[in-house]
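Structural overview
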Amino acid sequence: MKPWIIDRIENDRRESEWKPVPLRIQQPPPEWLEEQRRRQERDAPSHRGVTIIGGDEPSDRGVFIIDM
């Protein structure tokens, strides 16, 4: 092979090795979002009918739970 062909092949190989891949961000489909929302509602603990009185900070007083 001629030297210029070898140089061209090496340059092409060098450029293609670490070429950045363009990042394409797109929104998920609405069906997927709806399924995720349903899954979260199903898996989340239900606090309906229970009121917890007290702060999040630790205390020696305990937590009062009132069942409504």
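Residues numbered from 1 in each chain as written. Predicted model: local features only at pLDDT ≥ 70, side-chain atom pairs only at ≥ 80, totals over all residues. Heavy atoms only, no water.

1. Describing the overall build of the chain
To be explicit about the condition: Put simply, DSSP marks the helices as runs of H or I at least four residues long and the strands as runs of E at least two long, and each gets a number from the N terminus on. Exposure is judged per residue with a 1.4 Å probe applied to protein chains only, and the accessible area is read against the type maximum: over 50% gives exposed, under 20% gives buried, and values in between give partly exposed. Here the accessible surface of atoms and residues is derived via Shrake-Rupley with a 1.4 Å probe, and residues count as covered only by protein chains that are part of the display.
Helix and strand counts for the chain come out as two helices and two strands. Counting from the amino terminus, the chain carries its helices and strands in the arrangement α-α-β-β. With 68 residues in all, the chain has 0% of them scored as buried. Split by element, the accessible area of the chain, about 7500 Å² in all, is 56% carbon and sulfur.

2. What about the pattern of salt bridges?
What counts is decided by this rule: Here a salt bridge means any side-chain nitrogen of Lys or Arg lying within 4 Å of a carboxyl oxygen belonging to Asp or Glu.
Counting across every chain of the model gives five salt bridges. Salt-bridge contacts for Glu35 lead to Arg38; the nearest nitrogen and oxygen are separated by 3.8 Å. Of this pair, Glu35 and Arg38 both sit in helix α2 (residues 30–43), separated by three residues, roughly a single helical turn. Under the relative-accessibility criterion, Glu35 is labelled partly exposed at 30%. On the basis of relative accessibility, which here comes to 46%, the residue Arg38 falls in the partly exposed class. For Arg39, the salt bridge goes to Glu35, with nearest N and O atoms at 3.7 Å. Taken together, the positions of Arg39 and Glu35, both in helix α2 and four residues apart, correspond to about one turn of that helix. Classification of Arg39 as partly exposed rests on a relative accessible area of 36%. Among the charged side chains, a salt-bridge network with shared partners connects Glu34, Glu35, Arg37, Arg38, Arg39 and Glu41.

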